[in-house]
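Here are the chains, one letter per residue:
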Amino acid sequence: MFFTFLRRELAGRRRQTAIVAIGMALAIALVMIVNAVSTGMRDAQAEVLQSVYGVGTDLTVTATPAAPGDGGADGGPQRFEFDAGDGQTADGSTALSQSRLAAGPGSQTFDAAALDTVQGLDGVEAAAATLSLENVTFSGELPAMSQDQGGTDVQTAPGGDGAPPQGGFDGAGGSAFDVDRVTVLGIDPAGAAVGPLSAAAVDEGRGLEASDAGRAVAVLDASYAASAGLAVGDAIELGGTDFEIVGTVVSTSADATTASNAYVPLDLAQSLSGQEGKVSDVYVQAASADRIDAVQSAIEEALPDTTVSTQSDLAAQVSGSLGSASALISNLGLWVSIAVLAAAFLTAVLFTIQGVTRRTREFGTLKAIGWRNRRIVGQVAGESLVQGLIGGAAGLVVGLAGIWVVNLLGLTLGGSAGGGFTAGGPGAMPGADASAGAPAGGATGPFSAASQTATDVVLSAPVTVGVIAVAIGLAVLGGLLAGAVGGWRAARLRPAEALRSVG
Amino acid sequence: MSAAASARPLTTAVPSNEPNADPPQRSTAMYRLEHVTKEYRGKRTVTALKDVTLEIPAGQHVAIQGPTGGGKSTLLQMLGALDRPTSGRVVLGEAELSHLPDAKLAGVRAAQLGFVFQGFNLIPTLSAQENVEAALAPLGVAAAERTRRAGEALAAVGLADRAGHVPGELSGGQQQRVAIARALVKEPEVLLADEPTGALDEGTRDEILELLEGIRRDRGLTLVVVTHDSAVARRAERRLHLMDGVVTER
Ligand SMILES: Nc1ncnc2c1ncn2[C@@H]1O[C@H](COP(=O)(O)OP(=O)(O)O)[C@@H](O)[C@H]1O
Ligand SMILES: [Mg+2]
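Residues numbered from 1 in each chain as written. Chains lettered and ligands numbered in written order. Predicted model: local features only at pLDDT ≥ 70, side-chain atom pairs only at ≥ 80, totals over all residues. Heavy atoms only, no water.

### A look at the overall build of chain A
Here is step 1: Along chain A, the regular secondary structure elements total 13 helices and 18 strands.
Here is step 2: The buried share of chain A, taken over its 503 residues, is 46%.
Here is step 3: Expressed as a percentage of contacts within chain A between residues at least 6 apart in sequence, the contacts between residues at least 24 apart total 86%.
Here is step 4: Surface summary for chain A: the accessible area is close to 22,700 Å², and the carbon and sulfur share equals 58%. (Helix = DSSP H or I, 4+ residues; strand = E, 2+ residues; numbered from the N terminus. Buried < 20%, exposed > 50% of the residue type's maximum accessible area, 1.4 Å probe, protein only. Contact = heavy atoms within 4.5 Å. Areas by Shrake-Rupley, 256 points an atom, 1.4 Å probe, with all protein chains shown as cover.)

### Observations regarding the overall build of chain B
Here is step 1: A count of helical and extended segments in chain B gives eight helices and ten strands.
Here is step 2: For chain B, the residues scored as buried account for 52% of the 250 residues in total.
Here is step 3: Sequence separation of at least 24 residues holds for 72% of the intrachain contacts in chain B that already meet a minimum separation of 6.
Here is step 4: If you sum the accessible surface of chain B, you get close to 11,100 Å²; carbon and sulfur atoms cover 49% of it.

### Brief notes about a nonpolar patch on the surface
All names here are of chain A.
Here is step 1: Together, W404, V405, L408, L409 and L411 line one region of the surface with nonpolar side chains, adding up to about 540 Å² of accessible area.
Here is step 2: The topology assignment puts L408 in helix α11 (residues 373-409).
Here is step 3: Its relative accessible area of 59% is what places L408 among the exposed residues. (Patch = residues over 30% accessible without salt bridge, like charges linked within 9 Å, V, L, I, M, F, W, Y side chains within 5 Å. Salt bridge = Lys/Arg side-chain N within 4 Å of Asp/Glu carboxyl O.)

### Looking at the sheet that holds strand β10 (residues 246-249) of chain B
All names here are of chain B.
Here is step 1: On the basis of which strands lie adjacent, the open sheet formed by six strands has the order β6-β7-β8-β3-β9-β10 and mixed pairing. The sheet terminates laterally at β6 (113-116) and β10, the two strands that pair on one side only. Looking at each pair of strands side by side, their axes are set apart by 20 degrees on average, direction ignored.
Here is step 2: Bridge count between strand β7 (residues 190-194) and strand β8 (residues 222-226): five bridges; the pairing is parallel. Along β8, the bridge assignment pairs V190 with T222.
Here is step 3: Where helix α2 (residues 72-79) meets the sheet, its contacts fall on β3 (61-65), β6, β7, β8 and β9 (238-243), and the angle it forms with β7 comes to roughly 160 degrees. (Pairing = 2+ DSSP bridges. Axes fitted to C-alpha atoms, helices over the stretch in contact; angles between N-to-C directions.)

### Digging into the site of ligand 1
Here is step 1: Lining the immediate surroundings of ligand 1 are R494 of chain A together with Y40, V46, A48, P67, T68, G69, G70, G71, K72, S73 and T74 of chain B.
Here is step 2: Near ligand 1, the surrounding residues belong to chains A and B.
Here is step 3: Between ligand 1 and G71 of chain B there is a distance of 3.0 Å, counted from an oxygen atom to a backbone nitrogen or oxygen.
Here is step 4: Protein burial of ligand 1: of its 560 Å² of free accessible surface, 62% is covered by the chains.
Here is step 5: Those elements that provide at least two residues to the shell around ligand 1 are β2 (46-57) and α2 of chain B.
Here is step 6: Here the shell around ligand 1 gets three residues from one element, more than from any other, and that element is α2 of chain B.
Here is step 7: Its residues assigned to classes, the shell around ligand 1 shows four nonpolar, six polar and two charged. (Near = heavy atom within 4 Å. Polar contact = N/O pair within 3.5 Å; in protein donor to acceptor, adjacent residues only side chain to side chain. Nonpolar A, V, L, I, M, F, W, Y, C, P; charged D, E, K, R; others polar.)

### Remarks on the packing of helix α6 (residues 172-184) of chain B against helix α7 (residues 202-219) of chain B
Helix packing for two helices is described by the angle between their axes and how far apart those axes are.
All names here are of chain B.
Here is step 1: Where α6 meets α7, the closest approach of the two axes is 10 Å, and the angle between their N-to-C directions is 15 degrees. Here α6 is positioned roughly parallel relative to α7, judged by the angle of their axes. In this structure, α6 meets α7 at a crossing whose hand is right-handed. Taking contact as the criterion, the partners of G173, Q176, R177, I180 and L184 in α6 are, on α7, T204, E207, I208, L211, L212, I215 and R219.
Here is step 2: Broken down by class, the residue content of the contact of α6 with α7 amounts to six nonpolar, three polar and three charged. (Parallel < 35°, antiparallel > 145°, perpendicular 65-115°, else oblique. Left-handed = near helix turned anticlockwise from the far one by under 90°.)

### With respect to unusual backbone geometry
Here is step 1: With phi around 50 degrees, H35 of chain B is a residue other than glycine that occupies positive phi space.
Here is step 2: The class for H35 of chain B is partly exposed, based on a relative accessible area of 49%.

### Side note on the UniProt feature "transmembrane region" (unreviewed entry) in chain A
All names here are of chain A.
Here is step 1: Per the UniProt entry, the sites bearing "transmembrane region" (unreviewed entry) are residues 17-37, 332-353, 384-406 and 463-485 in this numbering.
Here is step 2: As annotated, residues 17-37 has a helix share of 100% and a strand share of 0%, and its two end C-alpha atoms lie 30 Å apart.
Here is step 3: Annotation note: span residues 463-485, helix share 91%, strand share 0%, distance between end C-alpha atoms 33 Å. (UniProt positions renumbered as here; feature names shortened; annotations may be inferred.)

### A closer look at the interface of chain B and chain A
Here is step 1: Residue-level contacts link 29 residues of chain B with 24 residues of chain A.
Here is step 2: Taken together, the two surfaces of chain B and chain A that pack against each other cover about 2,300 Å², and 62% of this comes from carbon and sulfur.
Here is step 3: When the buried surface of chain B facing chain A is broken down by residue, L82, I123 and T125 of chain B rank first, second and third, together holding 22% of it.
Here is step 4: Taken together, the links from chain B to chain A amount to two salt bridges.
Here is step 5: A salt bridge links R494 of chain A to D83 of chain B; the nearest nitrogen and oxygen atoms lie 3.0 Å apart.
Here is step 6: Taken together, the links from chain B to chain A amount to nine residue pairs in polar contact (both at pLDDT 80 or more).
Here is step 7: Contributing elements (two or more residues each) for the side of chain B that touches chain A: α2, α3 (102-112) and α4 (128-134) of chain B.
Here is step 8: Here the side of chain B that touches chain A takes five residues from α3 of chain B, the largest share from any one element.
Here is step 9: Broken down by class, the residue content of the side of chain B that touches chain A amounts to 15 nonpolar, six polar and eight charged. (Buried area = accessible area lost by both parts, 1.4 Å probe.)

### Focus on the nonpolar core
Here is step 1: Formed by 49 residues in total, the largest nonpolar core has its most connected members in L366 and W371 of chain A together with L154 and I180 of chain B.
Here is step 2: Listing elements by their share of this core, those giving two or more residues are α10 (360-368) and α11 of chain A together with α4, α5 (143-156), α6, β7, α7 and β8 of chain B.
Here is step 3: With six residues, α6 of chain B is the single largest residue contributor to this core.
Here is step 4: The residues touching I180 of chain B, leaving out its near neighbours within four places in the chain, are V116, V157, I208, L211, L212 and I215 of chain B.
Here is step 5: Formed by 38 residues, the second largest nonpolar core is a distinct cluster that contains L133, A225, L268 and L303 of chain A. (Core = buried A, V, L, I, M, F, W, Y, C linked by side-chain atoms within 4.5 Å.)

### Re α3 of chain B
Here is step 1: Listed in full, the buried residues belonging to α3 of chain B are L105, A106, V108, R109, A110 and Q112 of chain B.
Here is step 2: Next to the buried residues of α3 of chain B lie α10 of chain A together with β4 (87-92), β6 and β7 of chain B.

### Here we look at the packing of aromatic side chains
Here is step 1: Inspection of the entire model under this criterion finds three aromatic pairs over all chains.
Here is step 2: For the ring pair F2 of chain A and F3 of chain A, a centre distance of 4.9 Å and an interplane angle of 85 degrees mean the geometry is edge-to-face.
Here is step 3: Note on F2 of chain A: relative accessible area 33%, which makes it partly exposed.
Here is step 4: Seen from their ring centres, F115 of chain B and F117 of chain B are 5.8 Å apart, and the 5 degrees between their planes marks the pair as stacked. Both residues of the pair, F115 of chain B and F117 of chain B, belong to the buried class.
Here is step 5: Sitting above the plane of the W488 of chain A ring, R492 of chain A keeps its charged end 4.8 Å from the centroid. (Phe/Tyr/Trp six-rings, centres within 6.5 Å; stacked < 30°, edge-to-face > 60°. Lys NZ or Arg CZ within 6 Å of the ring centre and 35° of its normal.)

### Topic: the confidence of the model for chain B
Residues and elements named next belong to chain B.
Here is step 1: The predicted model of chain B averages 88 in pLDDT, with 89% of residues at 70 or higher.
Here is step 2: Confidence over residues 1-27 falls short of pLDDT 50; this stretch has 14 contacts with residues more than four positions distant or in other chains.
Here is step 3: Our summary of model confidence lists the complex with pTM equal to 0.65 and ipTM equal to 0.88. (pLDDT = per-residue confidence, 0-100.)

### Description of the environment of G198 of chain B
Here is step 1: Relative to the helices and strands, G198 of chain B resides in the loop between β7 and α7.
Here is step 2: Distance from G198 of chain B to F117 of chain B, taken between C-alpha atoms, is 9.1 Å for residues 81 residues apart in sequence.

### Focus: α11 of chain A
Here is step 1: Compared with an ideal rise of 1.5 Å per residue, which puts 37 residues at 54 Å, α11 of chain A spans 52 Å between its outermost C-alpha atoms and is within 8% of the ideal.
Here is step 2: Note on α11 of chain A: the residue one or two positions beyond its end, G410 of chain A, has a positive phi of about 55 degrees. (Expected span 1.5 Å × (residues − 1).)

### What about the packing of helix α1 (residues 2-12) of chain A against α11 of chain A?
Residue and element names in this part refer to chain A.
Here is step 1: Packing of α1 against α11 leaves a shortest axis separation of 10 Å and a crossing angle of 55 degrees. With respect to α11, the axis of α1 lies oblique. Classified by chirality, the crossing of α11 by α1 is right-handed. Every residue of α11 that contacts α1 at F2, F5, L6, E9 and L10 is listed here: G378, Q379, G382, E383, V386 and Q387.

Written out as structure tokens, the structure reads:
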């Protein structure tokens, strides 16, 4: 009787069944999508962190930023000085180029002895030190300087009776300069396999090896190498030294760049940047997850001038569209889900109450012919539960379709982590064009692509067992809630309601 | 201590509160109402039944008449174990309905009482067959047995060929026949009808009345019919009049 009645009621009252089920379906689908997307966001954040800090890094040690005022000195603008004899002159133009290697913007260095200190601590499985640098290449063309053509004459009397200016990048006495920035990471080729490169794999050539210490060899990020037109076997000038490119690396997480544009042996990075015996980051792997906190406090105690960050500290630093999208999903998404879910539950409850009220005489009659409350409550609860489950099944389908669409869209989120890895500053310096005064075109081109190391992650919203369990659980919960309220109402009806007159 | 001595108090101590324990004694009173008063308390307290004392022998055909608001439906609720009196006793066979808990009252209704309503009160989503079977559900009758008995009951009211129809596909007279089949399928002792022909035209009314009377004769049922229609009331053995909660014999 139970199933016959259940079937007849659900089929006979399709509109109510449909409304309750659709409400539940939409809410469940939304919860599933939000749930999957936020899982995807978390994965993406982890991916960003991994590409910067490496796999298995539990803690990072950085210098505590100094007080404002003397803090920016390392990464601040530097002066490029050219002697009279510098550059190559041809066709009335002098081409100049100089590269300088210095600590990356925002990163500060500390004594490399910190690594030994960290390695000596209890609970430290492995540790590696790196030096985060930035190579700035200043290159440009300017008109050739000759004895009979005083620079000041050209500048102060452009419309005078002297010969019109010649040479320069536009052939009319103009000048143009490019500032090219490359992030460089000094790593110990013989060091522990912890740190940024643990999340990278060799693409072409080879990685840095122990025998590379002290040699001018470099490994480039594959996407940087491609954008800069460099390949294995070529040379790259860093800090005035030509480095042989021995290999390229790619991030092991899809669609992410690696932590730096270039990787060079630590000792050379130190000497070329004038940071002898200094490092900027120490990557620490704890012996086990439960010892991370203890290791963190031990390092803080041993190295009072440093900042020790855990993975969750680092996650909070993930910035860019990924950071904001993640915040949006975890806040707005959560509240919207709760609101829609509450609305769906309320709809289900109200429609069930309305249904019971409409069927007052029906339930009264069933009581009059001897049905006990238990049976009637069970019937109402069963109907609601099945409505909820129909909604749950529909919601599961809609939710999976929604997640599929999200994955199909392949939303790309840009994220960056850590202070030293994104290049800031102006994109180009327009040349001083004496005669036309127009900014020099073409100077902005290669620069921005070359120095951008932020990580782009394609959002993938995974369908987990958890997502499906949430959908089914909510369907059952919604059905039981509506059924409990409806059943309670039905139980309170008097059997004498059967005698209520028709009109 | 002899076995008989210890057994005796046990047998007498077991209260016969199970209404179906003994075969009903149809020769004696089916219903006994003693000083039954029913008040509806609200903003204004209405006394729907005032100190009603009444006996209905088994197998009797009783008609209850009276003006609207006189208390007819309230009296039927007392007889039908649908409600309890505010004071007084209602005894059906061996069971004192006025003191039984709700679940026991439901059991009495399921096993012993058949109801027929003015508005038919069929479940609109269930077929005629399923509506009749619904009366057997609380009695724990197995599915196959339920199907058979419901089919027989429908045949008894002349609707064997309409078993698969839902109420909306049946005429008023046919719906009331289904309702009568639902009341009879449990083989009750008492049939209680509240204006059973109130929603029917005259021709159909007579058909239904003849059906009810035939069933009462065949099965020896006690039949209590509430009606405002004198033509219906005239067919009963006994006519009661209810006005302002007071019962008088006609
Ligand atoms: N559930 C109830 N609550 C309050 N008053 C009621 C209720 N049922 C009936 N009454 C009142 O009791 C009186 C008798 O009603 P009822 O037994 O339905 O009379 P009848 O069936 O003869 O028309 C009427 O005054 C009616 O208003
Ligand atoms: Mg009435």
